[in-house]
Amino acid sequence: MDPLKGGAVPDLELLLSGLVFPESPRWHDGRLWLADWGAEEVVAVDTEGISEVVAKVASFPFSIDWLPDGRLLAVSARARRLLRREPDGRFVDHAELSELSSWPWNEIVVDGRGNIYLNNIGFDFPGGDFAPGLVALVSPDGTVRQVADGVAFPNGMAVTPDNSTLIVAESYANRLTAFDIAADGTLSNRRLWAALGDGVPDGICLDAEGAAWYADVPHQRCVRVRQGGEVCQVIELDRGCFACMLGGSDGRSLFIVANRWAGSAAAAMSEPGQSGRVVVAQAPAPGAGWP
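First, a word on what this report is: a plain description of the structure on this page. Keep in mind it's a predicted model, so treat the numbers as computed, not measured.

Cut-offs and rules
Residues numbered from 1 in each chain as written. Predicted model: local features only at pLDDT ≥ 70, side-chain atom pairs only at ≥ 80, totals over all residues. Heavy atoms only, no water. Phe/Tyr/Trp six-rings, centres within 6.5 Å; stacked < 30°, edge-to-face > 60°. Helix = DSSP H or I, 4+ residues; strand = E, 2+ residues; numbered from the N terminus. Buried < 20%, exposed > 50% of the residue type's maximum accessible area, 1.4 Å probe, protein only. Salt bridge = Lys/Arg side-chain N within 4 Å of Asp/Glu carboxyl O. Pairing = 2+ DSSP bridges. Core = buried A, V, L, I, M, F, W, Y, C linked by side-chain atoms within 4.5 Å. Axes fitted to C-alpha atoms, helices over the stretch in contact; angles between N-to-C directions. 1 Å grid on protein atoms, 1.4 Å probe; cavity = no way out; pocket = protein on both sides within 12 Å on 5 of 7 lines; lining within 4 Å. Points joined across faces, edges and corners; volume = space filled by probe spheres on them. Nonpolar A, V, L, I, M, F, W, Y, C, P; charged D, E, K, R; others polar.

Comments concerning the packing of aromatic side chains
Aromatic rings in a pair are described by how distant their centres are and how their planes are angled relative to each other.
Next up, step 1: Summed over the entire model, instances satisfying the criterion amount to 11 aromatic pairs.
Next up, step 2: A ring pair is formed by Phe21 and Trp37, whose centres lie 5.2 Å apart and whose planes are at 25°; its orientation type is stacked. Here Phe21 is found in the loop between β1 (12-19) and β2 (22-28), whereas its partner Trp37 is found in the loop between β3 (31-36) and β4 (41-45), with 16 residues between them in sequence.
Next up, step 3: According to the relative accessible area criterion, Phe21 is buried, its value standing at 2%.
Next up, step 4: A ring pair is formed by Phe21 and Phe242, whose centres lie 5.1 Å apart and whose planes are at 70°; its orientation type is edge-to-face. Of the two residues, Phe21 sits in the loop between β1 and β2 while Phe242 sits in strand β22 (residues 240-247), which places them 221 residues apart along the sequence. By the burial criterion, Phe21 is buried, and Phe242 matches it.

Some details on the pattern of salt bridges
Next up, step 1: Applying the stated criterion across every chain, the model contains 21 salt bridges.
Next up, step 2: For Arg260, the salt bridge goes to Asp238, with nearest N and O atoms at 3.5 Å. One end of the pair, Arg260, is in the loop between β23 (253-259) and α1 (265-269); the other, Asp238, is in the loop between β21 (231-236) and β22, with 22 residues separating them in the sequence.
Next up, step 3: Here the salt bridges do not stand alone but share partners, grouping Asp69, Arg71, Arg84 and Glu86 into one network.

Concerning the environment of Leu246
Next up, step 1: Note on placement: Leu246 falls in strand β22.
Next up, step 2: Once the C-alpha coordinates of Leu246 and Ala285 are considered, the two residues, 39 residues apart in sequence, prove to be 9.0 Å apart.

Details of the pairing of strand β17 (residues 187-195)
Next up, step 1: As judged from the six bridges shared by strand β16 (residues 175-181) and β17, these two strands associate in the antiparallel manner. Bridge pairing in β17 places Ile181 opposite Leu187.
Next up, step 2: Between β16 and β17, which pair antiparallel in sequence order, lie five residues; one of them, Gly185, sits at a positive phi of approximately 90°.

Let's talk about the nonpolar core
Next up, step 1: Of all hydrophobic cores here, the largest spans 45 residues; its most connected members are Val42, Trp213, Ile235, Leu254, Ile256 and Val278.
Next up, step 2: At six residues, the largest contribution of residues to this core is made by β22.

Focus: unusual backbone geometry
Next up, step 1: Between Phe60 and Pro61 the backbone carries a cis peptide bond, its omega angle lying at 0°.
Next up, step 2: Among the structural elements, Pro61 can be located in the loop between β5 (51-56) and β6 (62-66).
Next up, step 3: Cis geometry is adopted by the peptide bond preceding Pro291, which originates at Trp290 and carries an omega value of 0°.
Next up, step 4: Looking at the secondary structure, you find Pro291 in the segment after β25 (287-288).
Next up, step 5: Although it is not a glycine, Glu40 adopts a positive phi angle of roughly 55°.
Next up, step 6: Take Glu40: it is sitting in the loop between β3 and β4.
Next up, step 7: One non-glycine residue, Phe153, adopts positive backbone phi at about 55°.

Digging into the sheet that holds strand β12 (residues 133-138)
Next up, step 1: A sheet is described by the order of its strands in space; here four strands give the open sequence β10-β11-β12-β13, paired in antiparallel fashion. Edge positions in the open sheet fall to β10 (105-110) and β13 (144-151), since each of these has one partner strand only. Direction aside, the axes of adjacent strands within the sheet are offset by 20° on average.
Next up, step 2: Pairing between strand β11 (residues 116-120) and β12: five bridges, direction antiparallel. Paired with Leu118 across the two strands is Ala136, which belongs to β12.

Description of the layout of surface pockets
Next up, step 1: Approximately 500 Å³ is the volume found for the largest pocket.
Next up, step 2: Surrounding the largest pocket, 24 residues form its lining, Phe125, Phe153, Asn155, Asp202 and Trp261 being those nearest its centre.
Next up, step 3: What the second largest pocket holds in volume is close to 310 Å³.
Next up, step 4: Lining the second largest pocket are 20 residues, with Trp27, Asp65, Gly289, Trp290 and Pro291 sitting closest to its centre.
Next up, step 5: Elements represented by at least two residues in the lining of the second largest pocket include exactly β2, β6, β18 (201-207), β22 and β25.
Next up, step 6: Counting residues per element, the lining of the second largest pocket draws most heavily on β2, at three residues.
Next up, step 7: Class assignment of the residues belonging to the lining of the second largest pocket gives a composition of 12 nonpolar, five polar and three charged.

Written out as C-alpha cells, the structure is:
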C-alpha cells in the first residue's frame, strides 16, 4: 500500500523517513532543517534525501530558526529558555523566558529585522485544562516582553515579506490571526486573517501570492488558504501533518513533516519503525516571508 495519498496534488515524494517526531521545518542554506522532537536532534536534509544530525537539543518540544547573522536558535520548552548555537557548536542562553510563563514554549519566527517572536501554549498539554497562551518578543537588543495574549493554543507563526504582519495559527480556535508589527516589534490591530471551519492549524508558511499553507494533524492534511478563508488546495496524507515549509531551488517545493498521532506524544513516539517522515509536493507559488 502506498503510504501517501495525493488529494488534489497527484505527485508526492517521500524525502526522508525513520524520524521519531519531526516538527518545525525550515528551508535554510540550501537544505531543509527540522527538529526531531523524539530524538532531540536538529536534522538537515538535502533535496536528494541525504541527511545529517547537525545538533542535539535536550528538550521536548523545541523549535528552530536563525538570527540574521546565521546563528541557529532553539526554543527549549524544558529549560524555558531561548538557546543560541555558537560557531563552536555550543548552545548558550540567548533569552530567559520563564519570567513570562512557566508553561511550555512552542514556536518561533525571526523576522527580517531580527525581531524574534515566540509563543507559549498557556497550559499543560496534553492533559491539562485549557488556558489561553501568549506571544512574546525578543528584540535585537535582548529585551524580552509579552506582545499578545488570549491566544487559543498558539502554534505556527509567519511574518509577511514586508515585515508588516505577523500571522499566528490558533489551533483551538480554528483560525489564523493577524497582527500589525510596529517598528519596535510591538503587535497591534489583532484581527481574523482566515476562519478555517473545522481546520486545526499547526505549522504554517506563506507564499508569494499572499496565501498561507497550514498543516492539520487530526485531519491528516495540508491546506492552502487565502486571506478570508478561501481554500485553494488540499494535500491529504495517511498520518497527521504537523508543519509545512516552502523551499527548494525555486521555492515551490512544499515540505510536509508528518507522523502518526494517537492523541499524545508518547503514543506517537512508540509507533513501531519510527513513523515520522518528510514528504514533498510541488506548490503553485514559491515561499515568501519568514520563516
